[in-house]
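One letter stands for each residue in the lines below.
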Amino acid sequence: MAAIAALQAYGSDESDDESNDQHEVSEDALAHLKPLEKNNTVQTLQAKLQLNAAPVVDETADFGNNPYQPLDPSTKLVMYNPQYEQIYTPEAGPANPFKTQQQKAAKNMLSGFVEPAHLNAFHFENQRRTFSSYGFAVDPSVETGGQKMVSSTEGTVAPEGKTVFEKTSKREGDKRKRVRNLDASDIEGFEGPWGKYVDEKTVAKPSEEEQTELDEILAKRAKRGKVVDDKPADEKTTLHIKDAYDYQGRSYLHIPQDLDVDLRSEQPPDKCYLPKKMIHAWTGHTKGVAAIRLFPMSGHLLLSCGMDSKIKLWEVYNQRRLIRTFSGHKQAVRDICFNNEGTKFLSAGYDRYIKLWDTETGECIKKFTNRKVPYCVKFNPEEDKQDIFVAGMSDKKIVQYDLRTEEVVQEYDRHLGAVNTITFVDNNKRFVTTSDDKSLRVWEWDIPVDFKYIADPSMHSMPSVTLSHNGKWLGCQSMDNQIVIYSAINRFRQNRKKIFKGHMVAGYACQMDFAPDMSYIVSGDADGKLNVWDWKSTKLYTKLKAHDGVCIGCLWHPHETSKVITCGWDGLIKLWD
């Protein structure tokens, strides 16, 4: 009380000093500071502090408390207390006379009315697995109260009524017995934990009835299958000149020295020129010519193979005669390859045989096959490895044969398609292969894992690859009608500045070649034309109509300045100058 009195006295002193415009403090504002009167009881205070949570309702409003007005059954919110008659009044309105009693029944899904129910996920999964494993489960209907069991088959009895989540005693036969011999000192009979089962059968021999059925099936397959004659054709040769030896006893393999050109020289011509006209045509093949190869180093002889399964040897100089014909393949010959000296050559045919021939006598020395079609063959150019050759096969493999043992001594199996070309690079330490899988792979000799793999989504298949005379570049005939150049040293990168276009080769493995002085590039195409490009500017200089069909191969003579040999599917071989 003394504090309140002091506060009032302080307020009165201040009011005397201030101006008369200020308002005085009302008694109502200080009412809460006054003590409660003695006659106010606790009940009166509680009555003042009570709260009323009921909403304010307008008693005069008409909410439709009409006992004859039905309640809409689809209503989910009611703002008044309906009477009993309103709730259970039948639905008003005409009934559909075509609905059955089942259709008129209340539904909350297509099959009827389902009341919401709660089932523990663990109990449901427990009963489902038990039913799947043992064939029984608890009846889920409410009437049984979980006391009745349902079974998938009659007479199934639960193992002690336990589910899959409860342990049951093991039955006899659940676990097969093994042969046990844990004595490690018994070296021969020690089984350890890997012993066989007691009743295990290690030999599955068909019964007599099953064997009879198998024999019938195999007999039908043998009749249905195509009969393939795997026997090689008889090899024979024909000499088309009178004398195989001259007056000094030299064969036609001897390099002639009475020419204007030194065929023994190792230096290329100083300057090469464009070929302009045909000066000779060799005829003798009855079908298209597949490949041509010049005699190593000198180039005074020309070897050709064709689709008439014949291999022919021609003279390039003097009378340009047909010297010898080699017959020994049943089907078309795809590729041929001389050894370093030219005394022997390999031929690969579609009859799945690779044959080794003697160039001078025409004798077939050896033959090899692995039941696959060889697409290309190459001797190893090293002098000490002339008894080894590699062949690219149709089954994605590159096989390496030894002529001495006549066996496959190595397999290079990394390509995903048939192998089309094999080219030796880097002083014959490595070789490059291309395939139908649109990739280029570089291999170390005798190591069956490629150490360089070149593949790009923009690349196309390259069925023909030629090494330049200086050994620095690889010319690849790409199936997108262009010739791409790769470096043959170190990283085998593509030279993006050297791309030669202007011819159409899509679908054909047309061979290309380099001029000896690296000034020009020549290539055949599908239109039978001989195309010549400039090496530096990649400009297409000229096109010569060489053959009626596809011009499949072309070779620039290594000792001549402008002589190019072409072959085509019209069966002709032509010399241009």
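Residues numbered from 1 in each chain as written. Predicted model: local features only at pLDDT ≥ 70, side-chain atom pairs only at ≥ 80, totals over all residues. Heavy atoms only, no water.

**Looking at the side chain of Lys312**
Here comes step 1: Examined against the element boundaries, Lys312 turns out to sit in strand β7 (residues 310-315).
Here comes step 2: Notably, Lys312 is buried but unbridged: the nearest opposite-charge side chain belongs to Asp308, and the N-O separation is 5.6 Å.
Here comes step 3: A distance of 3.1 Å separates a polar atom in the side chain of Lys312 from a polar atom in the side chain of Thr325.
Here comes step 4: Ignoring sequence-local partners within four residues, the contact set of Lys312 consists of Gly284, His285, Leu302, Leu303, Ser304, Leu322, Arg324 and Thr325. (Helix = DSSP H or I, 4+ residues; strand = E, 2+ residues; numbered from the N terminus. Buried < 20%, exposed > 50% of the residue type's maximum accessible area, 1.4 Å probe, protein only. Lys, Arg positive; Asp, Glu negative; His and termini not counted. Salt bridge = Lys/Arg side-chain N within 4 Å of Asp/Glu carboxyl O. Polar contact = N/O pair within 3.5 Å; in protein donor to acceptor, adjacent residues only side chain to side chain. Contact = heavy atoms within 4.5 Å.)

**What about the sheet that holds strand β11 (residues 354-358)?**
Here comes step 1: In spatial order, the strands read β9-β10-β11-β12; together these four strands make up an open sheet with antiparallel pairing. Every other strand in the sheet has two partners, leaving β9 (333-338) and β12 (364-368) as the edge strands with one partner each. Direction aside, neighbouring strands of the sheet carry axes that sit 20 degrees apart on average.
Here comes step 2: Pairing analysis gives five bridges linking strand β10 (residues 344-349) to β11, with the strands arranged antiparallel. (Pairing = 2+ DSSP bridges. Axes fitted to C-alpha atoms, helices over the stretch in contact; angles between N-to-C directions.)

**Considering the sheet that holds strand β31 (residues 572-576)**
Here comes step 1: Strand order in the open sheet made by the four strands is β4-β31-β30-β29, with antiparallel pairing throughout. With one partner strand each, in any of the chains shown, β4 (278-283) and β29 (551-556) form the two edges of the open sheet. Neighbour-to-neighbour, the strand axes of the sheet open up by a mean angle of 20 degrees, direction not taken into account.
Here comes step 2: Of the pairings in the sheet, the one linking strand β30 (residues 564-568) to β31 comprises four bridges and is antiparallel in character. Pairing of Val564 across the sheet is with Trp576, part of β31.

**A closer look at the pattern of salt bridges**
Here comes step 1: Following the criterion strictly, the structure yields 17 salt bridges and no others.
Here comes step 2: Among the charged side chains, a network of salt bridges with common partners joins Glu125, Arg128 and Arg129.

**Remarks on the nonpolar core**
Here comes step 1: Counting 21 residues, the largest nonpolar core has Trp282, Ile292, Leu302, Ile565 and Ile573 as the members making the most contacts within it.
Here comes step 2: Looking at which element gives the most residues to this core, the answer is strand β5 (residues 289-294), with three residues.
Here comes step 3: Aside from chain neighbours lying at most four places away, what touches Leu302 is Trp282, Ile292, Arg293, Leu294, Lys312, Leu313, Trp314, Val316, Ile565 and Ile573. (Core = buried A, V, L, I, M, F, W, Y, C linked by side-chain atoms within 4.5 Å.)

**Brief notes about the packing of aromatic side chains**
Here comes step 1: Summed over all chains, the structure comprises 25 aromatic pairs.
Here comes step 2: Geometrically, the ring pair formed by Phe326 and Trp357 is edge-to-face, given 5.7 Å between the ring centres and 70 degrees between the ring planes. A residue pair is termed long-range when its members are at least 10 positions apart, and Phe326 in strand β8 (residues 322-327) and Trp357 in strand β11 qualify at 31 residues. For the pair Phe326 and Trp357, one class covers both residues: buried.
Here comes step 3: Ring geometry for Phe500 and Trp533: centres 6.2 Å apart, planes at 65 degrees, overall edge-to-face. With a gap of 33 residues between them, Phe500 in strand β24 (residues 494-501) and Trp533 in strand β27 (residues 529-534) connect regions that are remote in the sequence. Taken individually, Phe500 and Trp533 each receive the classification buried, so the pair is uniform in this respect.
Here comes step 4: Grouped by ring-pair contacts, the aromatic residues Phe295, Phe326, Phe338, Phe345 and Trp357 constitute a single cluster.
Here comes step 5: Stacked on the ring of Tyr353, the Lys or Arg Lys355 has its end atom at 5.9 Å from the ring centre.
Here comes step 6: Positioned above the aromatic ring of Trp535, the side-chain terminus of Lys498 is 4.8 Å from the ring centre. (Phe/Tyr/Trp six-rings, centres within 6.5 Å; stacked < 30°, edge-to-face > 60°. Lys NZ or Arg CZ within 6 Å of the ring centre and 35° of its normal.)

**Details of the pairing of β27**
Here is the key point about a regular strand: its side chains alternate between the two faces of the sheet.
Here comes step 1: The element β27 is largely enclosed, with a buried count of five among its six residues.
Here comes step 2: Two successive antiparallel strands, strand β26 (residues 520-524) and β27, enclose a turn made up of four residues, where Gly528 displays a positive phi of approximately 80 degrees.
Here comes step 3: Pairing of β27 with strand β28 (residues 540-545), which is carried by five bridges, proceeds in the antiparallel orientation. Paired with Lys529 across the bridge in β28 is Lys545.

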